[in-house]
Amino acid sequence: MQLFKDFVRGLWAENPVLVLLLGMCPTLAVTSDAKNALGMGLATTAVLMGSNLVISLIRHVVPKKVRIPTYIIVIATFVTAVKLSMKAYLPALNSALGMFIDLIVVNCIVLGRAEAFASKNGPIRSITDGLGMGLGFTFALVLLGGFREFLTSGSLFTYKIVEKWSENFTLPTNAVGAFVILGFFIAFMNLLQIRKIKKNGKGFYTPKEFDCSKCNICDLSGSSN
Amino acid sequence: MKIKDTENIFVLGVYLAMIGAIAAAILAVVYKKTEPIILKAEAKTAQEKVAKIVPEFNNNPIAEKTIEISAVNQAKKIEFYPIKKDGKLISIVAFSKEKGYGPEIEVLTSFNYPSLTIDKIIIQKENETPGIGSKVVKREVQKNSSDIGKETTKIKLPPNIFLDDKIWTDLSKKGNSWNAKGEWKVKKDGGQISEITGATVSSRAVTKAVYASIATLKSKQQIILKQFNKQ
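Here the structure is a predicted model, which is why all the values come from computation and not from measurement.

Overview of the overall build of chain B
(1) Moving on: Summing up its helical and strand segments, chain B has 5 helices and 6 strands in all.
(2) Moving on: The C-alpha radius of gyration of chain B comes to 23 Å, more than 25% above the 17 Å expected for a compact globule of 231 residues.
(3) Moving on: Only carbon and sulfur atoms are counted for the fraction: they give 56% of the accessible area of chain B, which is about 12800 Å².
(4) Moving on: Considering chain B, the positive charge centre built from 38 side chains and the negative charge centre built from 25 side chains are found 3 Å apart.

Overview of the interface of chain A and chain B
(1) Moving on: Residue-level contacts link 36 residues of chain A with 34 residues of chain B.
(2) Moving on: Here chain A and chain B share an interface that buries about 3100 Å² over both sides, 66% of which is from carbon and sulfur atoms.
(3) Moving on: Taken together, chain A and chain B are joined by 0 salt bridges.
(4) Moving on: On inspection of chain A and its partner chain B, the count reaches 0 residue pairs in polar contact (both at pLDDT 80 or more).
(5) Moving on: In terms of residue count, helix H4 (residues 67-89) of chain A provides more of the side of chain A that touches chain B than any other element does, 12 residues in total.
(6) Moving on: Considered class by class, the residues forming the side of chain A that touches chain B number 16 nonpolar, 11 polar and 9 charged.
(7) Moving on: Bridge count for strand S2 (residues 159-160) of chain A against strand S6 (residues 143-144) of chain B is 2 bridges, and the pairing is parallel. Among the inter-strand pairings, Tyr159 of chain A is bridged to a residue of S6 of chain B, identified as Lys143 of chain B.

Here we look at the nonpolar core
(1) Moving on: One finds Ile92, Trp184 and Val206 of chain B to be the most contacted residues of the largest nonpolar core, which totals 35 residues.
(2) Moving on: Top contributing element to this core by residue count: helix H4 (residues 200-219) of chain B, with 9 residues.
(3) Moving on: When neighbours within four sequence positions are excluded, Val206 of chain B is seen to be in contact with Ile105, Ile123, Val136, Val137, Phe162 and Leu163 of chain B.
(4) Moving on: In this structure, Ala37, Val110, Ala178 and Met189 of chain A belong to the second largest nonpolar core, which totals 30 residues.

Digging into the sheet that holds S2 of chain A
(1) Moving on: Spatially, 3 strands are ordered S1(A)-S2(A)-S6(B) in an open sheet, and the strand pairing comes out mixed. The open sheet terminates on both sides in strands that have one partner only, identified here as strand S1 (155-156) of chain A together with S6 of chain B.

Brief notes about the packing of H4 of chain A against helix H7 (residues 108-118) of chain A
Residues and elements named next belong to chain A.
(1) Moving on: Following both chains from N to C, one finds H4 and H7 inclined at 130°, their axes separated by 10 Å at the closest point. One element, H4, and the other, H7, form an angle in the oblique class. Here the hand of the crossing between H4 and H7 comes out right-handed. Taking contact as the criterion, the partners of Arg67, Ile68, Tyr71, Ile72 and Ile75 in H4 are, on H7, Val110, Leu111, Ala114 and Glu115.
(2) Moving on: Its residues assigned to classes, the contact of H4 with H7 comprises 7 nonpolar, no polar and 2 charged.

Details of the packing of aromatic side chains
All names here are of chain B.
(1) Moving on: Overall, the coordinates contain 7 aromatic pairs over all chains when judged by the stated rule.
(2) Moving on: Between Trp178 and Trp184 the ring centres are 6.2 Å apart and the planes differ by 70°, which places this aromatic pair in the edge-to-face class.
(3) Moving on: Judged by relative accessible area, Trp178 falls into the buried class, the value being 11%.
(4) Moving on: Measuring from ring centre to ring centre gives 5.4 Å for Trp184 and Tyr211, while their planes differ by 65°; the resulting arrangement is edge-to-face. One end of the pair, Trp184, is in the loop between helix H3 (167-173) and H4; the other, Tyr211, is in helix H4, and 27 residues separate them in sequence. There is no split in this pair, since Trp184 and Tyr211 are both buried.
(5) Moving on: Each member of the aromatic cluster is reached from another via a ring pair, and the members are Phe162, Trp168, Trp178, Trp184 and Tyr211.

Reading the values: rules and limits
Residues numbered from 1 in each chain as written. Chains lettered and ligands numbered in written order. Predicted model: local features only at pLDDT ≥ 70, side-chain atom pairs only at ≥ 80, totals over all residues. Heavy atoms only, no water. Helix = DSSP H or I, 4+ residues; strand = E, 2+ residues; numbered from the N terminus. Rg over C-alpha atoms; globule rule 2.2 N^0.38 Å. Areas by Shrake-Rupley, 256 points an atom, 1.4 Å probe, with all protein chains shown as cover. Lys, Arg positive; Asp, Glu negative; His and termini not counted. Charge placed at Lys NZ, Arg CZ, Asp CG, Glu CD. Contact = heavy atoms within 4.5 Å. Buried area = accessible area lost by both parts, 1.4 Å probe. Salt bridge = Lys/Arg side-chain N within 4 Å of Asp/Glu carboxyl O. Polar contact = N/O pair within 3.5 Å; in protein donor to acceptor, adjacent residues only side chain to side chain. Nonpolar A, V, L, I, M, F, W, Y, C, P; charged D, E, K, R; others polar. Pairing = 2+ DSSP bridges. Core = buried A, V, L, I, M, F, W, Y, C linked by side-chain atoms within 4.5 Å. Buried < 20%, exposed > 50% of the residue type's maximum accessible area, 1.4 Å probe, protein only. Axes fitted to C-alpha atoms, helices over the stretch in contact; angles between N-to-C directions. Parallel < 35°, antiparallel > 145°, perpendicular 65-115°, else oblique. Left-handed = near helix turned anticlockwise from the far one by under 90°. Phe/Tyr/Trp six-rings, centres within 6.5 Å; stacked < 30°, edge-to-face > 60°.

See the structure below:
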């Protein structure tokens, strides 16, 4: 049961992109279409599971003071080894994934999960957590990538769904468009969370940092109310 | 005292050095094991890529290559592969490299023989940002919704807006000084080739590589052709 909880948590309630807001760099950079998003997501899932396992196994012998550099070395070694073997044995897959593999090293989900979960829990739970988080990441990426791809070219996974879709709307292809769409997703996710909280009878209030007393954008823009 | 709670800087230093050494050792072993296989796989893809941009041939172009110093940049070298059918030269493929957004983009350009105009361009190896720079360098088949689940017929050379631009052939027909002075440029730099929006760096790199190929071929065509016809 605990394992199942570990697995599901990453998929929805603690989705790394939509809730934890981890790994924004690859999220914005590679989700220009659904296929890229899927490739990046699956590659990250594989590395995440591997690195979580290794870090969980060595968690008792890593000095607290230097744990972060140790984790980074483990992750980087893992990624490089995976990349080299893919280049040798699966050149087609390697050329399809291209730069994603290198990008995983700097993906803060991997380091974040190592620090927050794998360094405190056993190997089996850590692998499950890696799988859940990885699939949650993949899910969010594919969702975002699919949206962006469809809006720009009317296609999904490079299959043209709507013939004659104009390709002149280029906003979703660049990072600005990605930010806007991601913003809508996160807003939707927050809406769901707020509803859930209200349903449980607890009150939802805006944190103090975000209320009007701390913000003067209205004054600056000249709209007085 | 357990190693987990130690704050002794020497212990920590030795520990980190050890971790680094172990990681380096693992990578060295993996690298040594995979290196020959990677080289073999790359040579195979190179052969396949060359076959995509030229008519049918029956020699071994890469084995019969000749290397010339670039007419644009003295520090660079361009490789030329002869494409022959039954011993007769039918086409020439040039191989040049230029730094893109990521590492070097390796460009293969095929030339018609004997007119020496650019026929087709394909990228052999690249590491451009997916979705942005990859638009310049990737050749991908356009599929429709009706193709879902179907094994699409294999197209020899999938299209790419930038690489298939007619401007390449047109420009190669025109006269030029064929050195660094007459270099082709993308429109953003005041040139003739329309770049892909958002991927100027990659477009620029490919343009440079293609120009280096054609400039070297044109300015040294006698030497190169003599070499090819001798074999």
